[in-house]
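# Report on the structure
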Amino acid sequence: MWRNTEKGWGLVSILLHWILAVLIVGLFVLGWWMTGLGYYDPWYNLGPWWHRSLGMLVLFATLARIAWRLANPTPRALGHRLERLAAHLGHLALYVLMLVVLVSGYLISTADGRGISVFDAFSVPALITGLPNQETLAGDIHWYAALALMVLAAGHAAAALKHHLIDRHPVLTRMLDPRVGRR
């Protein structure tokens, strides 16, 4: 039940999927909310600290999720040929956008040469600094990639609901229960 099969997702994939989904949506909401904070707002420094700390944990978890996915079989996509192709391309786009958002966030936060403190427990070093307009360019990429990620994630959720409610495929249930497809 821990590993994926050709018929269903394993518990590790399911947990990583839902934990990352909640954290990524939460980071988007927090990031959007932070843009309206005034200098004297008590969350002016605390909001970005949470955003950066969670963002780094999400980056590590995303890399782990990608490694896990590459090391495990992927359950067979359901639907007709065009739906399967769209699902494959959609998942690829989700992973690419997640990485673009996370790496651009890292580049924003490390543009000044300082590492990122993750909940004051450890620090992620600044490996790339001093690029021309690094903070501004990475900030623009971060914002628009995050918006695109939210739109694509909404489409992903809508497609899962369509498969579940209209097509009666077990796409959603196998992402909720690792026993689906093993019975």
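Below is a short write-up of the structure. (Residues numbered from 1 in each chain as written. Predicted model: local features only at pLDDT ≥ 70, side-chain atom pairs only at ≥ 80, totals over all residues. Heavy atoms only, no water.)

What follows deals with a nonpolar patch on the surface. On the surface, Leu-82, Leu-85, Leu-89, Leu-92, Val-96, Val-100, Leu-137 and Ile-141 cluster together into a nonpolar patch covering about 700 Å² of accessible area. For the nonpolar patch, the secondary structure elements donating two or more residues are helix 3 (81-109) and helix 4 (134-165). The leading source of residues in the nonpolar patch is helix 3, at 6 residues. Checked against the element boundaries, Leu-137 lands in helix 4. Its relative accessible area of 49% is what places Leu-137 among the partly exposed residues. (Patch = residues over 30% accessible without salt bridge, like charges linked within 9 Å, V, L, I, M, F, W, Y side chains within 5 Å. Areas by Shrake-Rupley, 256 points an atom, 1.4 Å probe, with all protein chains shown as cover. Salt bridge = Lys/Arg side-chain N within 4 Å of Asp/Glu carboxyl O. Helix = DSSP H or I, 4+ residues; strand = E, 2+ residues; numbered from the N terminus. Buried < 20%, exposed > 50% of the residue type's maximum accessible area, 1.4 Å probe, protein only.)

Considering all chains together, one arrives at 4 salt bridges under this definition. Its salt-bridge partner being Arg-114, residue Asp-112 comes within 2.6 Å of it at the nearest N-O pair. On the basis of relative accessible area, Arg-114 is assigned to the exposed category, the value being 59%. In this structure, Asp-167 and Lys-162 form a salt bridge, with 2.6 Å as the shortest nitrogen-oxygen distance. In this structure Asp-167 comes out as partly exposed when scored by relative accessible area, which is 25%.

Worth remembering: the numbers are spatial, not functional.
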